[in-house]
Structure formats: structure tokens, C-alpha cells
Amino acid sequence: MLRLDHVDVDYDGVPAVVDATVEVPDGSVVAVLGPSGCGKSTLLRAVAGLERPRAGTISWDGVDLGGTPTHKRGFALMFQEGQLFGHLTVARNVGYALRLRRPRRRAADAERVASLLGLVGLEGYADRLPATLSGGERQRVALARSLAADPRLLLLDEPLSALDAGLRERLAGDLHDILRAAGTTTLVVTHDQEEAFALADRLVVMRDGRIVQQGDIADVWARPADAATALFLGYARVLEGRAAALVLDAAGLPGAPAVAVRRSALTLAPTGVLRGVVRSARATPDHLRLVVAVDGAGDLDAVAGPGTHAGPGDEVGLAVDAARVAAVTAADAR
Ligand code: ADP
Ligand code: MG
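Owing to the predicted nature of the structure, the values given are computational and were not obtained by experimental measurement.

**Q** Sorry, what's going on with the site of ligand 1 here?
**A** Taken together, the residues surrounding ligand 1 are Y11, A16, P35, S36, G37, C38, G39, K40, S41 and T42. A total of 560 Å² of accessible area belongs to ligand 1 in isolation, and the protein chains cover 54% of it. Considering every element that reaches the shell around ligand 1, the biggest residue donor is helix α1 (residues 40-48), with three residues. When grouped by side-chain class, the residues that make up the shell around ligand 1 number four nonpolar, five polar and one charged.

**Q** Mind showing me how you'd approach the sheet that holds strand β1 (residues 2-11) here?
**A** Hydrogen bonding along the main chain pairs the strands of a sheet, whether they run parallel or antiparallel. Taken together, the four strands give an open sheet; going across it, the order is β2-β1-β4-β5, and neighbouring strands pair in antiparallel fashion. Unpaired on one side and paired on the other, β2 (14-24) and β5 (63-64) mark the two borders of the sheet. Inspection of the sheet shows β1 paired to β2 by seven bridges, in the antiparallel sense. Across the sheet, V9 pairs through a bridge with V17, a residue of β2. Here α1 sits on the sheet in contact with β1, β2 and β4 (55-60), set at roughly 115 degrees to β1.

**Q** Explain the side chain of E195 here, please?
**A** Relative to the assigned elements, E195 resides in helix α7 (residues 193-199). In this view, E195 contacts E158, P159, L160, S161, R168 and T190; residues no more than four positions away in its chain are not counted.

**Q** Help me understand the nonpolar core in this model?
**A** Within soluble globular proteins, side chains that are nonpolar generally end up buried alongside one another. V94, L143, L156 and L203 are the most contacted members of the largest nonpolar core, which totals 43 residues. With near-sequence residues (within four places) excluded, V94 lies in contact with V113, L116, L117, V141, A144, R145 and A148. Formed by 26 residues, the second largest nonpolar core is a distinct cluster that contains V17, F75, L155 and V189.

Conventions we followed
Numbering of residues starts from 1 in each chain and follows the order in which that chain's sequence is written. Chain letters start at A and ligand numbers start at 1, both assigned in the order the entries are written. With the structure being a predicted model, the display of local features is reserved for residues of pLDDT at least 70 and the display and counting of side-chain atom pairs for 80 or more, all residues being used for whole-chain, interface and lining totals. The basis for every side-chain value is the complete set of heavy atoms in the structure, and neither hydrogens nor water enter the calculation. Proximity is defined per residue: if any heavy atom of the residue lies within 4 Å of a molecule or strand, that residue is considered near it. Each accessible area is a Shrake-Rupley result for a 1.4 Å probe, and residues are judged covered by the shown protein chains and nothing else. Put simply, DSSP H or I for four residues or longer makes a helix, DSSP E for two residues or longer makes a strand, and each gets a number counted from the N terminus. Residues are grouped as follows: Ala, Val, Leu, Ile, Met, Phe, Trp, Tyr, Cys and Pro are nonpolar; Asp, Glu, Lys and Arg are charged; every other residue, Gly included, is polar. DSSP-based pairing: two strands are paired if at least 2 bridges between them are found. Pairs of residues are marked as contacts when any of their non-hydrogen atoms sit within 4.5 Å. Helix axes are fitted to C-alpha atoms over the stretch in contact, other axes to C-alpha atoms as well, and angles between N-to-C directions run from 0 to 180 degrees. We define a nonpolar core as any set of buried Ala, Val, Leu, Ile, Met, Phe, Trp, Tyr and Cys residues linked to one another through side-chain atoms lying within 4.5 Å. Only protein chains enter the area calculation, which uses a 1.4 Å probe; residues under 20% of their type maximum are buried, those over 50% are exposed, and those in between are partly exposed.

Have a look at this one:
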């Protein structure tokens, strides 16, 4: 099992990863999800041994990897653009690591390469050159090449981001199945929530170098740690306000209209989302007035801005973030 304990990584004294504590259990696929520049690649590069943490430890099965160089960690790293060797055939690309390791075992290697090409759905492609392949096919070859050396950990940096949307979706499904079939413990970083949801069992959400939430995908989806996380995960709209004063303010949330919540007796969990169902909605010239039934908290009166669309039966949520409360319209929630 991979474990990061309170890892900090700086570039010239500027923090890129701050206090990262993450576990990647054997056989699991863990996705690190966050916007561009939040420190995902830096985290991955530190795990690979390409960046040296300023503080904290990175360990495998309890053994500190601090003194272990990249090529002795037993990890494979694959980037956004698989970076194949253009002058080598598909088979020779996939077999590259095998030839380095055990130059004399040709027959066994040929078998292994064939089985990997089967795994990634590229039987019959052995003699093709990378230039003759589509983007998706090239990524599959890169994946087969990464798996060839039987890494104890596979590190994927935005593996599908260079592909166009339709292909990305299809390959995400395939990649999910390939990783499960190979049983390879995987840490994947991406800015694309669809990619993370398609591939992973566990999610680590990063923002500004820090981990803001982690857990099983379904739990993170159901209970985003705060309004920004809810928005980033793809919640349609977050209406934010202050629970204590019941003075509500949507400032800082793109596209969020103002909302007023008037119920002082509402019991709020310290963090998480309270789910509710809209009982009634009444449009006035300036507002949409909602009554929301929240389990265990009774009915909640809410006044949303005129741009809000919510009607009886729609599921909504209250994302609760310490002293703040955010009403989340989750009509399109999974
Ligand atoms: P992500 O992969 O989430 O987009 P990165 O880990 O690449 O983010 O970058 C995190 C931060 O570290 C960014 O502010 C980026 O500009 C900075 N950074 C990344 N690589 C370097 C580098 N080699 N030297 C200096 N700063 C870097
Ligand atoms: Mg990156």
C-alpha cells in the first residue's frame, strides 16, 4: 500500500503541495481531482520520486521511499500524451521495459506483449508504427507499455485529457475495465470530474495545493465538504449563505443567485449535505420562494433569485460548511 504522510512539496520555496496525507490501498484505483495548477502533477511526481518533498514521508508497505530513486520504486508513470517511441512498432514499444529487464527472454516476452495488447484491445496492432494510430490507440499502447513491467503502482497523469470528448468517454470505460482486469494499484490525477468518476473507487479532492476531501466516490459525491467542492464535482448550482445570521449572500460563487433561508431551528451537521425535496415553489417578480422538506429538520423556507429553476419534487441539498450553509440544487445529481 502506498501512503503519503503530511507531504509538502515546494518549488523554490513556493508551496505546490501542502500537508498531503493519502492512502492508496492495494488493488484500488484512487483519483486525485482538482483544477489546473492545484498541485496534482506535483503530488504524482513526488510519489514517482521525481520531486523531493520538503517535509513528510512517502512509503510503500511501511517502508520509507525517501532514499529510493525513481527507477527502483517499482512504479510506472504514464502522462497525458503517452510519449511512444515513434520509430518502434507497437510490440516493441510495449516490450521496451521487458527488454531492458531481461534481454534474453524473447519468447516469454513476445507472449507477454501479445497478452498485454489483448488486454488493451489491440490484437493485430503489433507491427504498426505509432504514427499510424489514432490518439486513443496510442494511449492504449502507452498503457500496455506501462503495465508491461508489472509495476506495483501505476501512476497516471491526465491519461485521457488529450483525447476528444467522445473518445475520452469510451476510453474511460475501457481503462476502468483494463485496470480492474490487471488488478494494478493505481493513482490517477485529473482535472476532469467525469474522468475521475469513470475510473476510480476513491476520490481525493485538491484545491490550492491542499487536500480538501477524500473518501469513497459515492460518499464524496453525496456529501461535498464545502460549496466550492460541490460546484467542482458538478453540482448544478450552489446557493450560499450564513446559517448563523440567516443573512445570505451568494458572493463569490459564479452563477449563484442570492438566497434567503428563514428557519432558525434547523439543525445543521458540521459539514456535509442535508438532502431535501422541494415541496412547493412560488415565483414572485423578484424571487422564487421554495419550501424544502429536509429529513429530520422539517420544512425549510428558501428564497432564491429569479434565475433559479426548481419545482415540486426536485431534489435539492444544503451543503453545510462550518458556519455557512449552502443550498445546492442537485436536480441533475447522480
Ligand atoms: P496541476 O497538475 O494540478 O495542474 P502542478 O502540480 O503542475 O498542478 O502545479 C502546481 C503548482 O506548482 C503550480 O502553481 C505550478 O505553476 C507550480 N509548478 C509546477 N511545476 C513547477 C516547476 N517545475 N517549477 C516551478 N513551479 C512549478
Ligand atoms: Mg498536471
